[in-house]
Amino acid sequence: MLCKASLRNLIIRAGYIENFGKQGPIHFKDFGKGLNEKFGASSSSSYQLNRKFRSFMNMMVDNSNSTQPGSAVKVLPRKENVTEGGYATGGWKSEDGRLSCGYSSFRGKRASMEDCFDVKMSTIDGKPVCLFGIFDGHGGSRASEFLREHLFENIVKHPQFMKDTKLAISETYQRTDMDFLDSESNTYRDDGSTASAAVLVGTRLYVANVGDSRAVISKAGKAVALSEDHKPNRSDERKRIENAGGVVMWAGTWRVGGVLAMSRAFGNRLLKQFVVAEPEIQEQEIDDEFELLVLASDGLWDVVPNEDAVSLARTEEEPEAAALKLAETAFSRGSADNITCIVVKFHHGQAKTDSAQG
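Here the structure is a predicted model, which means the values were calculated and not measured.

## Observations concerning the overall build of the chain
Step number 1: When you go through the chain residue by residue, the secondary structure sums to nine helices and 19 strands.
Step number 2: For the chain, with 358 residues in total, the buried portion stands at 54%.
Step number 3: Expressed as a percentage of contacts within the chain between residues at least 6 apart in sequence, the contacts between residues at least 24 apart total 70%.

## Here we look at helix α4 (residues 165-183)
Step number 1: For α4, spanning 19 residues, the distance from its first C-alpha to its last is 26 Å, which sits close to the expected 27 Å at 1.5 Å a residue.
Step number 2: Buried within α4 are the following residues: Thr165, Ala168, Ile169, Ser170, Thr172, Tyr173, Arg175, Thr176, Asp177, Met178, Phe180 and Leu181.
Step number 3: Turning to α4, the residues buried within the fold contact α3 (142-157), β10 (195-201), β11 (204-210), β16 (266-267) and β17 (280-285).

## Digging into the pairing of β10
Step number 1: The buried count for β10 comes to seven of seven residues, which makes it a mostly enclosed element.
Step number 2: The side-chain alternation of β10 yields two buried faces, one formed by Ala195, Ala197, Val199 and Val201 and the other by Ser196, Ala198 and Leu200.
Step number 3: By the bridge criterion, six bridges tie strand β8 (residues 127-138) to β10 in an arrangement that is antiparallel. Looking across to β10, one finds that Gly133 is bridged to Ala197.
Step number 4: One ladder, built from seven bridges, connects β10 with β11; its direction is antiparallel. Paired with Val201 across the strands is Arg204, a residue of β11.
Step number 5: Taking the residues between adjacent antiparallel strands as the criterion, β10 and β11 are bridged by two residues, where Gly202 takes a positive phi near 65°.

## Quick word on the packing of aromatic side chains
Step number 1: All chains considered together, the criterion is met by seven aromatic pairs.
Step number 2: On the numbers, 4.5 Å between centres and 35° between planes, the contact of Tyr103 with Phe117 is tilted. Within this pair, whereas Tyr103 is found in strand β6 (residues 99-106), its partner Phe117 is found in strand β7 (residues 115-124), the two being separated by 14 residues in sequence.
Step number 3: Classification of Phe117 by relative accessible area gives buried; the value is 0%.
Step number 4: With centroids separated by 5.0 Å and ring planes inclined at 90°, the aromatic side chains of Phe106 and Phe331 adopt a geometry described as edge-to-face.

## Digging into the confidence of the model for the chain
For residues with low pLDDT, the predicted coordinates do not support detailed interpretation.
Step number 1: The predicted model of the chain averages 81 in pLDDT, with 75% of residues at 70 or higher.
Step number 2: Here residues 2-77 is modelled with pLDDT under 50, and outside its nearest four sequence neighbours on either side it reaches 177 contacts, counting other chains as well.
Step number 3: Low confidence marks residues 352-358, where pLDDT is under 50. Its contacts with residues over four positions away, or in another chain, come to four contacts.

## Let's talk about α3
Step number 1: Under the 1.5 Å per step criterion, the end-to-end length of α3 is 23 Å for 16 residues, consistent within 8% with the ideal 22 Å.
Step number 2: Bending of α3 peaks at approximately 35° at the position of His150.
Step number 3: Among the 16 residues in α3, 15 count as buried, and that is most of the element.

## Quick notes on the pattern of salt bridges
Step number 1: The tally for this structure, following the rule as stated, stands at 23 salt bridges.
Step number 2: Between Lys120 and Asp118 there is a salt bridge, and its shortest N-O distance comes to 2.5 Å. There is no split in this pair, since Lys120 and Asp118 are both buried.
Step number 3: Among the salt bridges present, the one from Lys272 reaches Asp177, with a minimum N-O distance of 3.0 Å. Highlighted residues: Lys272 in the loop between β16 and β17 and Asp177 in helix α4, separated in sequence by 95 residues.

## Describing the pairing of β6
Step number 1: Counting buried residues in β6 gives eight out of eight residues, a clear majority hidden from the surface.
Step number 2: Here β6 shows no split at all, with Leu99, Cys101, Tyr103 and Ser105 on one side and Ser100, Gly102, Ser104 and Phe106 on the other all buried.
Step number 3: Sheet topology places strand β5 (residues 88-93) next to β6; six bridges connect them, and they run antiparallel. Residue Thr89 lies in a different strand from β6, and its bridge partner there is Ser104.
Step number 4: Joining the antiparallel neighbours β5 and β6 is a turn of five residues, in which Gly97 adopts a positive phi near 75°.
Step number 5: Sheet analysis places β6 next to strand β19 (residues 339-346), joined by eight bridges and oriented antiparallel. Opposite Ser105, over in β19, you have Thr340 as the bridge partner.

## Section: the environment of Val343
Step number 1: Its location among the elements puts Val343 in strand β19.
Step number 2: Every residue in contact with Val343, bar those within four places of it in the chain, is listed here: Ser100, Cys101, Gly102, Leu293, Val294, Pro319, Ala322, Ala323 and Leu326.

## Some thoughts on unusual backbone geometry
Step number 1: For Asp125, which is not a glycine, the phi torsion comes out positive at approximately 50°.
Step number 2: Within the secondary structure, Asp125 sits in the loop between β7 and β8.
Step number 3: By relative accessible area, which is 63% here, Asp125 ends up exposed.
Step number 4: In the Ramachandran plot, Asn268 falls in the positive-phi region, its phi being about 50° despite a non-glycine side chain.
Step number 5: Its place among the elements puts Asn268 in the loop between β16 and β17.

What counts and how
Residues numbered from 1 in each chain as written. Predicted model: local features only at pLDDT ≥ 70, side-chain atom pairs only at ≥ 80, totals over all residues. Heavy atoms only, no water. Helix = DSSP H or I, 4+ residues; strand = E, 2+ residues; numbered from the N terminus. Buried < 20%, exposed > 50% of the residue type's maximum accessible area, 1.4 Å probe, protein only. Contact = heavy atoms within 4.5 Å. Expected span 1.5 Å × (residues − 1). Pairing = 2+ DSSP bridges. Phe/Tyr/Trp six-rings, centres within 6.5 Å; stacked < 30°, edge-to-face > 60°. pLDDT = per-residue confidence, 0-100. Bend = angle between axes of the 7 residues up to and from the residue. Salt bridge = Lys/Arg side-chain N within 4 Å of Asp/Glu carboxyl O.

This is how it looks when you write it as structure tokens:
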């Protein structure tokens, strides 16, 4: 994403959302990495609150059906590569064979890499839980890195996560935004980030979006968008911004205050009164018609329509190959941004076989 270099002098004091209740430790299977790590940069050392958790996550994963302390853990087998062209790729398949996913990421024509992503798996209350997310930073990578480190952890620790998943996701998005702003309170930076996340609880899929990354599914061979880009010229978004006292103006493209080319984002302290991190959430029941899910930053969607993305992904059996094909296609079509894609494939035949055997 591109921000104008100069920001208007907007002084915003961001309040805190009430602290969430505490709950016991939850162990994840974690193979997602921030893309900055792929290219040699590490997360900022200023994020101290959960260093112990992150160190644990880098080494160990839960291999049991319990979230209780003492569960057996082992290193999750990974398959990660960097192609000759500089594309970082990797993949994973669930132990029961019902899900497989792959990712691909590429700095592209940009001078720096501001995209991050995360994928986590766990079992909570006897239900499989999978979380997939794309975080596209602007003005720097600190916001996207912060989301990679904290957002999914915060979501599953919300006390209502299993009872009211949509509420938990919405509140956690906004709480994590406040946490990031607080962590940056002593800096002169004003980083921001999108967040497009798919949270699968059993067979229930929740897609939560802030910004202009996007989630698209293939359902019976047709592309169906599960998120709508948050652009300042969307009539409902423009009305919300103007009602809050902001302005939307043309500066090469439509921008909030002439600065930011999206209407919702994490971070962006100086525009926080208008650029909120409240997600729009769509909910779907996964059935046999659901073939695959594509999550990607706008480096893909700027040049690859939804229908093309689904068609391309369906040509590859392995999701890692599908994600790589999407990223390569976006670059070949002239994408000037960082490009990050996650492809999730649903294997319903495997699920039916397991049920029959059980």
